[in-house]
Amino acid sequence: MTDVPYEAVLDALEAEAIHIYRETAAAFRNPVLLYSIGKDSSVLLHLALKAFAPGPIPFPVMHIDTTWKFQEMISFRNQRVADLGLDLKIAINEKGVADGVSPFNHGTHEYTRLMKTVALREGIDKYGFDAAIGGARRDEERSRAKERVFSLREPGHRWEPRKQRPEFWRTANTSLAEGQSMRVFPLSNWTELDVWRYIRREEIPIPGLYYSKERPVVERDGALIMVDDERFPLREGETIEMRSVRFRTLGCYPLTGAVESFADNIDDLITEMETSRISERAGRLIDGEGGGSMEAKKAEGYF
């Protein structure tokens, strides 16, 4: 059996994602594209532009802003919104901000619940969205492998994996009962390498944090954490040092570990990824806390 050339694989994945987008726009009253600013949502945004060209994307994009994202991510988001004329909605848990919730004083699980999950649920409810399009992929993590492309959410945004609908080839059950909503994942069948190869082929803009650069980091609990602003409290004995690092995944900067690397361009990055045996989410500190598994988070309404 011969291997399928990856360009043909990318063509097939692109066509599937565009079909999913168009099905979503046709089937739902008020969908929204979740925009987390990372590589997957950058691909997701690019595919949405392709799916509805030459017209605009027929629904808004929404960013869940925890107020602890990398500064460079927010600058990148604002530039993309301006360049593309996007209808951006920003969802923030204002009560959490007022209460001083941070990654340092509430623990990773509770912080994630309050500043991500609650903010997402509030944003969907505020604008009355009945379908939220996200960039999750099945290869990322075991619980995400259980997701359908069209993933039903019960009232209260609860995810119940045993109640998901059968998935037939290119046929989706998009009907909703009172209080239900849908999460839609056009990148479900993509791998991390597919994403990077597609970014290279399509020349998709991405935040520079994905490329190696000398950055101020602290080694903490086995992870390299970038000190992105003055809010980062140093522990006794910790020192900030400059290292050549990049990020495999982006999130809240105190909870996102960097990897040492010299891959400062897309070709070197892909070459590095082709030989890496480290999990993509190894740098996501929110995944490692006991009692805060991804499946538990998703059951509460997380992405």
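All values derive from a computational prediction rather than experimental measurement.

About the criteria used
- Residues numbered from 1 in each chain as written.
- Predicted model: local features only at pLDDT ≥ 70, side-chain atom pairs only at ≥ 80, totals over all residues.
- Heavy atoms only, no water.
- Helix = DSSP H or I, 4+ residues; strand = E, 2+ residues; numbered from the N terminus.
- Buried < 20%, exposed > 50% of the residue type's maximum accessible area, 1.4 Å probe, protein only.
- Contact = heavy atoms within 4.5 Å.
- Areas by Shrake-Rupley, 256 points an atom, 1.4 Å probe, with all protein chains shown as cover.
- Pairing = 2+ DSSP bridges.
- Right-handed = clockwise from strand over helix to strand, strands pointing away.
- Salt bridge = Lys/Arg side-chain N within 4 Å of Asp/Glu carboxyl O.
- Phe/Tyr/Trp six-rings, centres within 6.5 Å; stacked < 30°, edge-to-face > 60°.
- Axes fitted to C-alpha atoms, helices over the stretch in contact; angles between N-to-C directions.
- Parallel < 35°, antiparallel > 145°, perpendicular 65-115°, else oblique.
- Nonpolar A, V, L, I, M, F, W, Y, C, P; charged D, E, K, R; others polar.
- Core = buried A, V, L, I, M, F, W, Y, C linked by side-chain atoms within 4.5 Å.
- Domains from an automatic or database assignment.

Peer 1: I tried to follow the overall build of the protein on my own but got confused; where do I start?
Peer 2: If you tally the helices and strands in the protein, you get 8 helices and 10 strands. By residue count, 53% of the 303 residues in the protein fall in the buried class. Sequence separation of at least 24 residues holds for 75% of the intrachain contacts in the protein that already meet a minimum separation of 6. Of the accessible surface of the protein, which amounts to about 13,900 Å², a share of 51% is contributed by carbon and sulfur atoms.

Peer 1: In this structure, what is going on with the pairing of strand β1 (residues 31–34)? I would like to understand it.
Peer 2: The side chains of a regular strand alternate, first on one face of the sheet and then on the other. Here β1 shows no split at all, with Pro 31 and Leu 33 on one side and Val 32 and Leu 34 on the other all buried. Note: β1 against strand β4 (residues 131–133), 3 bridges, orientation parallel. The partner of Leu 33 across the bridge, within β4, is Ile 133. Here β1 pairs with strand β2 (residues 61–64) via 2 bridges, running parallel. Bridge assignment links Leu 34 to a residue of β2, and that residue is Met 62. Running through helix α2 (residues 39–52), the crossover from β1 to the neighbouring parallel element β2 is right-handed.

Peer 1: Before we go on, may I ask you to explain helix α6 (residues 192–202) in this structure?
Peer 2: Note on helix geometry: an α-helix contains 3.6 residues per turn, so any two residues three or four positions apart are oriented the same way. In terms of burial, α6 is largely enclosed, as 8 of its 11 residues are buried. Regarding α6, the residues found buried are Glu 192, Asp 194, Val 195, Trp 196, Arg 197, Tyr 198, Ile 199 and Glu 202. Summarising the contacts, the buried residues of α6 are in contact with α1 (6–27), α2 and α7 (266–275). Phi turns positive one or two residues past the end of α6, at Glu 203, with a value near 55 degrees.

Peer 1: So what exactly am I meant to see when it comes to the pattern of salt bridges here?
Peer 2: A side chain of one charge can pair with a side chain of the opposite charge if their charged atoms are brought near each other. Taken as a whole and judged by the stated rule, the model has 25 salt bridges. Notably, a salt bridge pairs Arg 200 with Asp 267, separated by 2.9 Å at the nearest N-O pair. On the criterion of sequence distance, the pair formed by Arg 200 in helix α6 and Asp 267 in helix α7 is long-range, its members being 67 residues apart. By relative accessible area, Asp 267 is classed as partly exposed at 40%. Across the pair Glu 260 and Arg 243 runs a salt bridge, and its minimum N-O distance is 3.4 Å. Placement of Glu 260 in strand β10 (residues 257–260) and of Arg 243 in strand β9 (residues 241–246) is noted, with a sequence separation of 17 residues between them. Among the residues examined, Glu 260 registers a relative accessible area of 54% and is labelled exposed. With a relative accessible area of 17%, Arg 243 lands in the buried category. The structure contains a network of salt bridges with shared partners spanning Glu 7, Asp 11, Glu 14, Lys 50, Arg 201 and Glu 202.

Peer 1: Explain the packing of aromatic side chains here, please?
Peer 2: Working definition: an aromatic ring pair is given by the centre-to-centre distance plus the angle between the planes. If you walk through the whole model with that rule in mind, you get 13 aromatic pairs. Ring geometry for Phe 104 versus Phe 232: centroids 5.6 Å apart, planes at 85 degrees, classification edge-to-face. Of this pair, Phe 104 sits in the loop between α4 (94–98) and α5 (108–127) while Phe 232 sits in the loop between β8 (223–226) and β9, and the two are 128 residues apart along the sequence. Aromatic pair Phe 232 and Tyr 253: ring centres 6.3 Å apart, planes at 35 degrees, arrangement tilted. Remark: Tyr 253 occurs in the loop between β9 and β10 and Phe 232 occurs in the loop between β8 and β9; sequence separation between them is 21 residues. No difference in accessibility class separates Phe 232 from Tyr 253, as the two residues are buried.

Peer 1: Could you clarify how one ought to interpret the sheet that holds β10 in this entry?
Peer 2: In sheet architecture, strand pairing relies on hydrogen bonds along the backbone and comes in two forms, parallel and antiparallel. Within the closed barrel, the 4 strands sit side by side as β7-β8-β10-β9. Their pairing is antiparallel. Pairwise comparison of adjacent strand axes, ignoring direction, gives a mean angle of 70 degrees for this sheet.

Peer 1: Teacher, can you tell me more about the environment of Pro 254 here?
Peer 2: Here Pro 254 lies in the loop between β9 and β10. C-alpha of Pro 254 to C-alpha of Phe 70: the two residues are 184 residues apart in sequence and 9.0 Å apart in space.

Peer 1: It is not clear to me how the packing of α1 against α6 should be interpreted in this structure. Could you clarify?
Peer 2: When two helices pack together, their arrangement is given by the angle between the helix axes and by the axis-to-axis distance. For the pair α1 and α6, interaxial distance at closest approach is 10 Å and the crossing angle is 95 degrees. With respect to α6, the axis of α1 lies roughly perpendicular. Each of Tyr 6, Glu 7, Val 9, Leu 10, Asp 11, Leu 13 and Glu 14 in α1 lies in contact with α6, whose residues at this interface are Asp 194, Arg 197, Tyr 198, Arg 200, Arg 201 and Glu 202. Residue composition of the contact of α1 with α6, grouped by class: 5 nonpolar, no polar and 8 charged.

Peer 1: Explanation requested: the nonpolar core in the structure shown.
Peer 2: Considering soluble globular proteins, one finds that nonpolar side chains tend to be buried as a cluster. If you look at the biggest cluster of nonpolar residues, it comprises 68 residues, and the most contacted ones within it are Tyr 21, Leu 33, Val 43 and Trp 196. Of all the elements, α2 adds the most residues to this core, at 7 residues. The residues that make up this core include at least three from each of domain 1 (6–197 + 291–299) and domain 2 (208–283). Ignoring anything within four residues of it in the chain, the contact list for Val 43 reads Leu 187, Trp 190, Val 195, Tyr 198, Ile 199 and Ile 204. Counting residues in hydrophobic clusters, the runner-up holds 10 residues, among them Val 32, Leu 34, Ala 91 and Phe 129.

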